[in-house]
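Each chain, letter by letter, is given below.
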Amino acid sequence: MLKKNEIYRSEITDLTSEGNGVCHIDGIAVFVPNTAVGDIADVKIVKVLKNYCFGIIDKLIQPSADRTENDCPVYSKCGGCLFRHISYEAECRTKASIVENAFRRIGGLSPVFEEFCGAENTSCYRNKAQYPLAEIDGKAVCGFFAPRSHRLIPVTDCKLQPVIFSEILQFVLEYINEKKISVYSETSNTGIIRHIYLREGAHSKEIMLCIVARKDISRQLSALCGLITQKFDTIKSIVLNINPDRTNVILGKKCITLWGNDTISDTMCGNKVDISPLSFYQVNTIQAERLYRKALEYAQPDINDTIADLYCGAGTIGLSMADKAKKIVGVEIIPEAIENAKSNAEKNEIYNTEFYCGDAGEIFGKLRSEGCSPDIIVVDPPRKGCSDDTLRLIAESDCKKVVMISCNPSTAARDAKILSDYGFDVEKVSGFDLFPRTGHVECVVLLTKLQQYKREKLEK
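Counting restarts for each chain: residues are numbered from 1 in the order of the written sequence. Thresholds applied to this predicted model are a pLDDT of at least 70 for local features of residues and 80 or more for the giving and counting of side-chain atom pairs; totals over whole chains, interfaces and linings are not thresholded and use all residues. Excluding hydrogens and water, the side-chain figures rest on all heavy atoms present in the structure.

### With respect to unusual backbone geometry
Step number 1: With phi around 55°, K180 is a residue other than glycine that occupies positive phi space.
Step number 2: Among the structural elements, K180 can be located in the loop between α3 (163-179) and β11 (193-200).
Step number 3: Phi at K205 is positive, roughly 70°, even though this residue is not glycine.
Step number 4: With respect to the helices, strands and loops of the structure, K205 is situated in the loop between β11 and β12 (207-213). Think of it this way: any DSSP run of H or I at least four residues long counts as a helix, any run of E at least two long counts as a strand, and we number them from the N terminus.

### With respect to the packing of aromatic side chains
Step number 1: Each aromatic pair joins two rings of Phe, Tyr and Trp (for Trp, the six-membered one) with centres within 6.5 Å, and gets the label stacked for planes under 30 degrees apart, edge-to-face for over 60, and tilted for any other angle. Per the stated rule, a full pass over the model turns up six aromatic pairs.
Step number 2: Look at Y52 and F54: their rings are 5.8 Å apart centre to centre, the planes differ by 80°, and that puts the pair in the edge-to-face class.
Step number 3: Of the aromatic side chains, those joined through ring pairs into one cluster are F31, Y52 and F54.
Step number 4: Either the NZ atom of lysine or the CZ atom of arginine qualifies as a charge over a ring when it sits within 6 Å of the ring centre and within 35 degrees of the ring normal. Across the ring face of F232, the terminal group of K231 is positioned such that the distance to the ring centre comes to 5.6 Å.

### As for the side chain of K128
Step number 1: Tracing the sequence through the fold places K128 in strand β8 (residues 128-136).
Step number 2: For the buried K128, which has no salt bridge, the nearest side chain bearing the opposite charge is E442, at an N-O separation of 11 Å.
Step number 3: Contacts are assigned to residue pairs with any non-hydrogen atoms lying within 4.5 Å of each other. Those residues in contact with K128 that sit more than four places away from it in its chain are Q161, F165, Y197, L198, R199 and V283. Type-normalised accessible area, obtained with a 1.4 Å probe on protein chains alone, sets the label of each residue: buried when under 20%, exposed when over 50%, and partly exposed for intermediate values. We count Lys and Arg on the positive side and Asp and Glu on the negative side, and we leave His and both chain ends out. By definition here, a salt bridge exists when the distance from a side-chain nitrogen of Lys or Arg to a carboxyl oxygen of Asp or Glu is within 4 Å.

### Brief notes about the layout of surface pockets
Step number 1: Definitions used throughout: a 1 Å grid over protein atoms alone; a cavity as a set of points that fits a 1.4 Å probe which cannot get out; a pocket as an open set with protein on both sides within 12 Å along at least five of seven lines; a lining residue as one with an atom within 4 Å of a point. Grid points are joined across faces, edges and corners, and a volume is the space filled by probe spheres set on the points. Of the pockets and cavities examined, the second largest pocket occupies roughly 260 Å³.
Step number 2: Taken together, 16 residues form the lining of the second largest pocket, with N121, C124, Y125, A202 and I286 sitting closest to its centre.
Step number 3: Sort the elements by how many residues they give to the lining of the second largest pocket and helix α5 (residues 285-299) lands first, with three residues.

### Focus on the sheet that holds strand β3 (residues 20-25)
Step number 1: For two strands to be treated as a pair, DSSP must find at least two bridges joining them. Pairing is mixed in the open sheet, where six strands are placed in the order β1-β5-β6-β4-β3-β2. At either margin of the open sheet sits one strand with a lone partner, and together these are β1 (7-11) and β2 (14-15).
Step number 2: Note: β1 against strand β5 (residues 40-48), five bridges, orientation antiparallel. For S10, the partnering residue across the bridge sits in β5 and is A41.

Here it is, written out as structure tokens:
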């Protein structure tokens, strides 16, 4: 076994999705943060576990050719950008490997891995940002939590957010401090304002300002509405979200529109969409449009096909396929998102859609019992993946193919393996980078129904 505080010279041979470099010392895997493949370094062991260790660089002997200059002053503290110290080309290679390894190692699958789709723009690409607040030296500040903690790192100028977000943040913080509105403390469960939450339409440039507070402070924010909209004419909606609970969940269930519209508008794959504070919407619109085009390419619907869009959010995926299919049936558990989906369909004069609110597995099961038999199923589940009920109902359906969009290759590989055991062929996987410089990576998976259906799996 390796010894804590001992120093060993080794070469970094791989990177994990957590941004740690991997080297092997005496046959033991050692995870080393802030390293790049090809680094040769003296590694100091800081934690010894049964099957692996953690280390830090004591001295960088020979830097990797993948290394690049970091351009963010809080990169090492914030923890949001895990790959800002390497070139974007190296990051894409790493993420392509993460996707492939998940399907090969977790799923035991060997689909065709198509070319990884990197982003054209690696900065200022996010259309959404949520900033927690804290009081430091008697003043309200905002930023992001340090990794694995709720210790706030003050940040207003994040490289991943639009420049205008920084300007709006500064304005709101000055107002909060001038009016002496208290900010929330997690430890004491006191204070009022919890988060500043911003959304922007990537194409429309419309901005929503949402302030998350423990109680209704509409009166205290009324002057802000007039002042900030005079300075920033792209702000089209100001919303107060009330979250009184002692929880890590950012948004509460109640929203009060203080100024302007309840939603902002944008376009996705040519369709107009309304976005509310609570509705899911991909944070990198340009890359999401490319991802949805790949999903459509995999689905290849014809005009007689019914498509079930499970975990449909505001309906953007299904609506992007509606003109190619007979019918779109969307299911989503968040009521506000379903209302957005219905509104989006109506706004775009798309009339071959139906949207239902509830658990994907439960609603899909009910629809099947009523005779809804989709030809193609599209799923875009949360990071935890599809529920067991949803997977079983997909397997029991008569669909000819499944298109899975996932923000977690590990759970996508797990779910694809389960569906393969039920009689699906996992044909293709395409990796997409919707979150450049971070550790996140998405993928699209094509599964087709085999001729010989493994009925015994369903009967167990």
